[in-house]
Amino acid sequence: MKKQTRIVNAGRSSKWTKGVVNPPVQRASTVVFDTVKEMKHATTHRANQVLFYGRRGTTTSFAFSDAMTELEGGAGCALYPSGTAAITNAILSFVKTGDHILMVDTAYEPTRDFCDKMLTKLGITTTYYDPLIGKDIESLIQANTTVVFLESPGSLTMEVQDIPTIAEVAHNHGCIVMLDNTWASPINLKPFELGVDISIQAATKYVVGHSDVMLGTATATSEYWPTLRESSYTMGQCTSPDDLYLALRGIRTLGVRMNQHEQNALKIAKWLSKREEVEIIFHPAFETCPGHEYFKRDFLGSNGLFSFVLKPQVVKNLTDFLDGMNHFKMGYSWGGFESLIIAVQNVGALRTATDWTYEGPLVRLHVGLEDVNDLISDLEEGFERLKSAE
Ligand SMILES: *Cc1c(COP(=O)(O)O)cnc(C)c1O
């Protein structure tokens, strides 16, 4: 089956849909049994998508897990109430006191916070590494290194990592390779073909796609799936069937949404690249983006999220640029149908293993599904305000 067909069908087994098009919302804490035999059967098979107790999931969550596994690959998918919970639980499932992990320097900020604030308390140390380190990751691997964590492209600055090279070195040293795969969504990268063991999604972003649900997933190879599944259960992770219903609905349009986000963002990035106010574009599909060659090699497409740096001399008052946007509203997160903008003055303060050499502020856009010409006018007027500021 081709990508767009898989998107339409993923998780829609008649086992879960029971005769209608979409898997219904099945809400449950208690599951009831009429006989001892039925109860014993459910208990024995509780890890394998049978109704047992609400925390183990219902048909709605089984359908969504199946959908994500079908799209991402791997052997199974654990569900979490946010992308951050998926990241922290995936790591916690595979580390113990005394271990060391390697974390990419351009990781999502709450991922760093978890390493610095929680793992430290548990006696687990973290070394941050340059996203472009490639095979030299070997020099950072210690005898007690258990997890090598990647996020590609990197948060805010969009560096694309050489995933297969890093994975191969990590595997030679017996480390588990985890990837925050949110930017690609489950359709624009094949993480397991590149050597990733656990692929994590903030489904909050493009999977849900409408900025109204928090949700996370972690999909694992058959080697790591049983441990991941059981530790998620042990740590009490479960998700609302209403939210999962919305996520399943989001999946159906993921392909067409991503194509439109991609086209709109490419047009805007091209337009920006010709503006005198702009120092550099960090869009994985552009040569100016560090790791662009790995994007071309590994990814099936891009999306609406990229960033650029403004020339310091044109920035009189950044607030004048950001205030008064008609379409690019300021807000965290991304992946919904609407356009968003954020600016970061000091990217260097968020990094410890790499240098940030640009003086001007970084602006990150999430390009939504609005008409691209309206979006360009919005930015054009923003540049006028930026220049006329006192
Ligand atoms: C948003 C995001 C997360 C966290 O997802 P939440 O659902 O907001 O917790 C993790 N990683 C990346 C790359 C993200 O953009």
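Residues numbered from 1 in each chain as written. Predicted model: local features only at pLDDT ≥ 70, side-chain atom pairs only at ≥ 80, totals over all residues. Heavy atoms only, no water.

Chemist: Can you explain the overall build of the protein? Please cite residues and give values.
Modeler: A tally of regular secondary structure across the protein gives 13 helices and twelve strands. In summary, the protein has a C-alpha radius of gyration of 22 Å against a globular reference of 21 Å for 390 residues, a match within 12%. Referenced to the eigenvectors of the C-alpha coordinate spread, the extents of the protein come out at roughly 80 × 50 × 35 Å. In the protein, 36 side chains carry a positive charge and 45 a negative one; their mean positions are 8 Å apart. (Helix = DSSP H or I, 4+ residues; strand = E, 2+ residues; numbered from the N terminus. Rg over C-alpha atoms; globule rule 2.2 N^0.38 Å. Lys, Arg positive; Asp, Glu negative; His and termini not counted. Charge placed at Lys NZ, Arg CZ, Asp CG, Glu CD.)

Chemist: An account of the packing of helix 10 (residues 254-273) against helix 13 (residues 372-388) is needed here, citing residue identities and associated values.
Modeler: Following both chains from N to C, one finds helix 10 and helix 13 inclined at 30 degrees, their axes separated by 10 Å at the closest point. Between helix 10 and helix 13, the interaxial angle falls into the category roughly parallel. Relative to helix 13, the crossing made by helix 10 is right-handed. Between helix 10 and helix 13, the contacting residues are Asn 264, Lys 267, Ile 268, Trp 271 and Leu 272 on the first element and Val 372, Leu 375, Ile 376, Leu 379, Glu 380 and Phe 383 on the second. Taken together, the residues of the contact of helix 10 with helix 13 sort by class into eight nonpolar, one polar and two charged. (Axes fitted to C-alpha atoms, helices over the stretch in contact; angles between N-to-C directions. Parallel < 35°, antiparallel > 145°, perpendicular 65-115°, else oblique. Left-handed = near helix turned anticlockwise from the far one by under 90°. Contact = heavy atoms within 4.5 Å. Nonpolar A, V, L, I, M, F, W, Y, C, P; charged D, E, K, R; others polar.)

Chemist: Account for the packing of aromatic side chains, naming residues and giving values.
Modeler: Within this structure, the stated rule accounts for eleven aromatic pairs. Seen in terms of ring centroids, Tyr 206 and Trp 334 are 5.5 Å apart; in terms of plane orientation they differ by 70 degrees. Their pairing is edge-to-face. Remark: Trp 334 occurs in the loop between strand 10 (329-330) and strand 11 (340-344) and Tyr 206 occurs in the loop between strand 6 (198-202) and strand 7 (216-220); sequence separation between them is 128 residues. Judged by its relative accessible area of 10%, Trp 334 falls in the buried class. Arranged with centres 6.0 Å apart and planes meeting at 55 degrees, the rings of Phe 282 and Trp 356 form a pair that is tilted. Of this pair, Phe 282 sits in strand 8 (residues 278-282) while Trp 356 is found in the loop between strand 11 and strand 12 (362-366), placing the two residues 74 residues apart along the sequence. Feature note: the residues Trp 183, Phe 295 and Phe 299 constitute an aromatic cluster, connected by ring pairs. Taking NZ or CZ as reference, Arg 46 lies 5.7 Å from the ring centre of Phe 52, over its face. (Phe/Tyr/Trp six-rings, centres within 6.5 Å; stacked < 30°, edge-to-face > 60°. Buried < 20%, exposed > 50% of the residue type's maximum accessible area, 1.4 Å probe, protein only. Lys NZ or Arg CZ within 6 Å of the ring centre and 35° of its normal.)

Chemist: Please give an account of the domain arrangement of the protein that cites residues and values.
Modeler: Per the domain assignment, the segments of the protein are domain 1 (3-252) and domain 2 (254-388). On a C-alpha basis, the centres of domain 1 and domain 2 stand 28 Å from each other. Residue-level contacts link 45 residues of domain 1 with 43 residues of domain 2. When the buried area of domain 1 at its contact with domain 2 is split by residue, Leu 156, Trp 183 and Tyr 206 rank highest and sum to 25% of it. Remark: the boundary between domain 1 and domain 2 carries one salt bridge. The closest approach of N and O atoms between Arg 297 and Asp 162, which form a salt bridge, is 2.7 Å. (Domains from an automatic or database assignment. Buried area = accessible area lost by both parts, 1.4 Å probe. Salt bridge = Lys/Arg side-chain N within 4 Å of Asp/Glu carboxyl O.)

Chemist: How would you sum up the sheet that holds strand 3 (residues 125-129)? Please name residues and give values.
Modeler: Across the sheet, which stays open at both edges, the seven strands sit in the order 1-7-6-5-4-2-3 with mixed pairing between neighbours. Of all strands in the sheet, those with a lone pairing partner are strand 1 (76-80) and strand 3, marking the two edges. Adjacent strand axes in the sheet meet at a mean angle of 20 degrees, parallel and antiparallel pairs treated alike. Where strand 2 (residues 100-104) meets strand 4 (residues 145-151), four bridges bridge the pair, whose relative direction is parallel. Counted as the bridge partner of Ile 101 is Val 147 from strand 4. (Pairing = 2+ DSSP bridges.)

Chemist: Tell me about the site of the ligand, and name the residues and values.
Modeler: Taken together, 13 residues lie near the ligand, and Gly 83, Thr 84, Asp 180, Thr 204 and Lys 205 sit nearest. Between the ligand and Lys 205, the relevant distance is 2.6 Å, taken from an oxygen atom to a side-chain nitrogen or oxygen of the residue. Contact with the protein chains removes 92% of the 380 Å² of surface that the ligand exposes when unbound. When each cavity is represented as a set of grid points, the ligand is found to reside in the largest pocket. Looking at which element gives the most residues to the shell around the ligand, the answer is helix 5 (residues 83-92), with three residues. Grouping the constituent residues of the shell around the ligand by class yields five nonpolar, five polar and three charged. (Near = heavy atom within 4 Å. Polar contact = N/O pair within 3.5 Å; in protein donor to acceptor, adjacent residues only side chain to side chain. Areas by Shrake-Rupley, 256 points an atom, 1.4 Å probe, with all protein chains shown as cover. 1 Å grid on protein atoms, 1.4 Å probe; cavity = no way out; pocket = protein on both sides within 12 Å on 5 of 7 lines; lining within 4 Å. Sits in = over half its atoms within 2 Å of the grid points.)

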